[in-house]
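Summary of the model geometry
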Amino acid sequence: MKIETIAIHAGNKIDEHSKAVIQSIALSTTFQRADDGSYPQGYVYSRMDNPNRRSLENVIAKLEGGQDACAFSSGNAAAGALFQSLGPGAHIIAPDDMYHGLRNQILQVFDGILEVDFVDMTDLQAVREVIRPITRLIWIETPSNPLLKICDLRALVKLAQDNNIKVACDNTFSTPIFQQPLSLGCDFVMHSTTKYLSGHSDVLGGVLVTSIKDSAWEKIRAIQVLGGAVPSPFDCYMTVRGIKTLPYRMRGHYQNAILLADFLDKSPYVDKVFYPGLEAHPGHEIAKQQMSSFGGMLSFLVKGGANEAIKVLKNLNIFTQATSLGGVESLVEHRASVEGPATQTPQNLIRVSVGIENITDLIEDLENAFKSID
Ligand code: PLP
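Computed from a predicted model, the values in this text were never measured in an experiment.

The subject of this paragraph is a nonpolar patch on the surface. Together, Ile14, Val21 and Ile22 make up an exposed nonpolar region whose accessible area comes to about 280 Å². One can find Ile14 in the loop between helix H1 (3–9) and helix H2 (51–64). Given the relative accessible area of 54%, Ile14 is considered exposed.

Below, the discussion takes up the sheet that holds strand E2 (residues 91–95). Read from one edge to the other, the open sheet built from seven strands follows the order E1-E7-E6-E5-E4-E2-E3, with strand pairing classed as mixed. The sheet is open, and its two edges are formed by strand E1 (68–72) and strand E3 (115–119), each paired on a single side. Averaged over all adjacent pairs, the angle separating strand axes in this sheet is 20°, with direction ignored. Taken together, the five bridges between strand E6 (residues 188–192) and strand E7 (residues 206–210) define a ladder with antiparallel strand orientation.

Moving on to helix H6 (residues 153–162). Looking at H6, one finds that the buried residues are Leu153, Ala155, Leu156, Val157, Leu159 and Ala160. In this fold, the buried residues of H6 make contact with helix H5 (124–130), strand E4 (135–141), strand E5 (166–170) and helix H11 (284–290). Of the residues that open H6, the one with a side-chain oxygen 3.3 Å from the backbone nitrogen of Arg154 is Asp152. Immediately beyond the C-terminal end of H6, within one or two residues, lies Asn164, with a positive phi of roughly 60°.

Taken together, 14 residues surround the ligand, and among them Gly75, Asn76, Asp170, Ser192 and Thr194 come closest. Residue Gly75 places a main-chain N or O atom 2.9 Å away from an oxygen atom belonging to the ligand. Between the ligand and Asn76 there is a distance of 2.8 Å, counted from an oxygen atom to a backbone nitrogen or oxygen. Protein contact buries 92% of the 390 Å² of open area that the ligand shows by itself. Of all the secondary structure elements, the ones that give two or more residues to the shell around the ligand are helix H3 (75–85) and E6. A per-class count over the shell around the ligand returns three nonpolar, eight polar and three charged.

Okay, helix H12 (residues 306–314) next. Along H12, the positions that sit buried rather than exposed are Ala309, Val312 and Leu313. Across the axial projection of H12, the buried residues extend over an arc of 100°, all falling on one side. In H12, the exposed positions angled more than 90 degrees off the buried face are occupied by Asn307 and Lys314. Packed against the buried residues of H12 are strand E9 (297–302), strand E10 (320–321), strand E11 (331–334), strand E12 (349–353) and helix H14 (359–370).

Let us now look at the pattern of salt bridges. According to the stated counting rule, one finds 16 salt bridges in the structure shown. Between Arg54 and Asp49 there is a salt bridge; the shortest N-O distance is 3.0 Å. Since its relative accessible area comes to 34%, Arg54 is described here as partly exposed. Assessed through its relative accessible area of 17%, Asp49 is described here as buried. A salt bridge links Glu339 to Arg335; the shortest N-O distance between them is 3.1 Å.

E5 sits mainly inside the fold: four of its five residues count as buried. The pairing of E4 with E5 spans five bridges and is classified as parallel. Within E5, the residue paired with Trp139 across the bridge is Ala168. Handedness of the crossover is the feature at issue here: the chain leaves E4, passes through H6, returns alongside E5, and the resulting connection is right-handed. As paired strands, E5 and E6 are joined by three bridges and run parallel to one another. Across the sheet, Ala168 pairs through a bridge with Phe188, a residue of E6.

Take the domain arrangement of the chain next. Examined at the domain level, the chain breaks down into domain 1 (3–243) and domain 2 (246–373). Taking the mean C-alpha position of each, domain 1 and domain 2 sit 26 Å from one another. At the junction of the two partners, domain 1 supplies 35 residues and domain 2 supplies 38 residues. Both sides of the domain 1 and domain 2 interface together cover about 3,000 Å² of buried area, and 60% of this is carbon and sulfur. Sorting the residues of domain 1 by area buried against domain 2 places Ile150, Phe178 and Tyr196 first, and these three jointly supply 26% of that buried surface. Where Arg251 meets Glu4, a salt bridge forms, and the shortest distance between an N and an O atom there is 2.3 Å. Where domain 1 touches domain 2, the interface holds 15 residue pairs in polar contact (both at pLDDT 80 or more). For the side of domain 1 that touches domain 2, the secondary-structure elements that each account for two or more residues are H1, helix H4 (100–109), H6, helix H7 (175–178) and helix H9 (233–243). When the residues that make up the side of domain 1 that touches domain 2 are grouped by side-chain class, the tally is 17 nonpolar, 12 polar and six charged.

Examined against the element boundaries, Thr142 turns out to sit in the loop between E4 and H6. A distance of 3.1 Å separates the side chain of Thr142 from the backbone nitrogen of Cys151, its partner in a polar contact. If sequence neighbours within four positions are ignored, Thr142 has contacts with Lys149, Ile150, Cys151, Leu153, Cys169, Asp170, Ser174, Gln179 and Gln290.

Thresholds, definitions, all that
Residues numbered from 1 in each chain as written. Predicted model: local features only at pLDDT ≥ 70, side-chain atom pairs only at ≥ 80, totals over all residues. Heavy atoms only, no water. Patch = residues over 30% accessible without salt bridge, like charges linked within 9 Å, V, L, I, M, F, W, Y side chains within 5 Å. Areas by Shrake-Rupley, 256 points an atom, 1.4 Å probe, with all protein chains shown as cover. Salt bridge = Lys/Arg side-chain N within 4 Å of Asp/Glu carboxyl O. Helix = DSSP H or I, 4+ residues; strand = E, 2+ residues; numbered from the N terminus. Buried < 20%, exposed > 50% of the residue type's maximum accessible area, 1.4 Å probe, protein only. Pairing = 2+ DSSP bridges. Axes fitted to C-alpha atoms, helices over the stretch in contact; angles between N-to-C directions. Contact = heavy atoms within 4.5 Å. Polar contact = N/O pair within 3.5 Å; in protein donor to acceptor, adjacent residues only side chain to side chain. Near = heavy atom within 4 Å. Nonpolar A, V, L, I, M, F, W, Y, C, P; charged D, E, K, R; others polar. Arc of directions from axis to C-beta. Right-handed = clockwise from strand over helix to strand, strands pointing away. Domains from an automatic or database assignment. Buried area = accessible area lost by both parts, 1.4 Å probe.

Right, here's the structure in full:
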């Protein structure tokens with residue numbers, strides 16, 4: 001099956017009794033045993049498994065080309081389960097530019113448990129230099145948040161395999177529609193399904209997908225089931241519903257993003273645009289090799305400083321000033337102030353989650369907002 005067909009059918013089951021075409025939300029927390037004490041459908045208790053979660057895990061595993069998936073209550077919970085599964089004393093390598101909430105999780109929640117080096121993953125030698133005998137995981141985010149850095153998945157996988165290290169990729173920005181890290185050799189893929197997969201900014205969730213079902217995966221499944229950071233059946237239903245239109249939404253996000261990146265690139269109010277679809281982007285060639293499209297996220301530097309960036313944001317009408325990304329509506333954010341005082345993100349950087357409104361309206365909105373800094 002091709003990806004559009006998987007997105008619509010792999011997370012749905014026609015009800016055997018009512019013949020309802022759309023799978024219902026099974027709210028029950030517990031499931032009846034047969035007379036012999038067995039559980040005929042395999043469901044026991046909804047923290048352990050339930051029909052909606054199974055459908056969600058099924059569709060995402062298939063979209064990513066993985067053997068199995070574990071759904072969690074948020075992207076951070078999904079990533080945290082993988083970090084937890086490594087066990088105390090493990091060393092991980094993570095990117096210097098990555099979602100700051102996950103960087104903070106590594107630094108604060110796993111302080112004293114895991115050792116970490118944050119490196120520029122576009123520089124293979126820099127990654128090679130921090131590998132230690134206790135290194136268990138290379139955590140990749142490409143394109144990265146918020147600088148849209150592109151790292152070479154194939155080269156990092158090769159380096160990791162030569163050193164017996166697992167590789168996980170946060171694929172939130174690209175989605176499996178544009179990038180399939182497991183097919184390039186990664187061991188795990190992680191998503192904040194809160195973003196593009198659900199796609200409507202109304203449900204929080206996360207998922208891990210594995211290339212193989214081995215003992216490491218069993219440990220992650222145990223952390224999901226016994227740790228209990230699981231999504232509700234309603235959350236799973238909503239995410240499955242969103243995924244059905246994912247391939248078409250992603251094309252719309254990309255078509256708008258490439259036009260917006262081009263507009264910003266030519267704008268006298270803009271110092272620099274970070275978008276891998278632009279030929280001048282340092283990761284453009286690698287992006288072309290490992291992504292089928294450049295996605296809907298971009299960042300840019302407004303001429304001036306934080307004041308000018310904030311002025312532009314205040315004068316936008318269609319773009320909403322809010323954190324998060326991946327919904328149908330366009331969002332803008334002054335990233336440095338969200339990330340806090342320790343941020344390395346430039347003060348004049350605006351991150352844009354390009355929505356699927358009409359591009360003419362989006363460009364006009366920015367043109368008007370730019371006039372406020374004249
Ligand atoms: N990864 C990336 C790239 C993100 O942007 C986010 C959230 O913004 C996360 C992970 C965390 O996901 P969640 O907010 O669902 O926990």
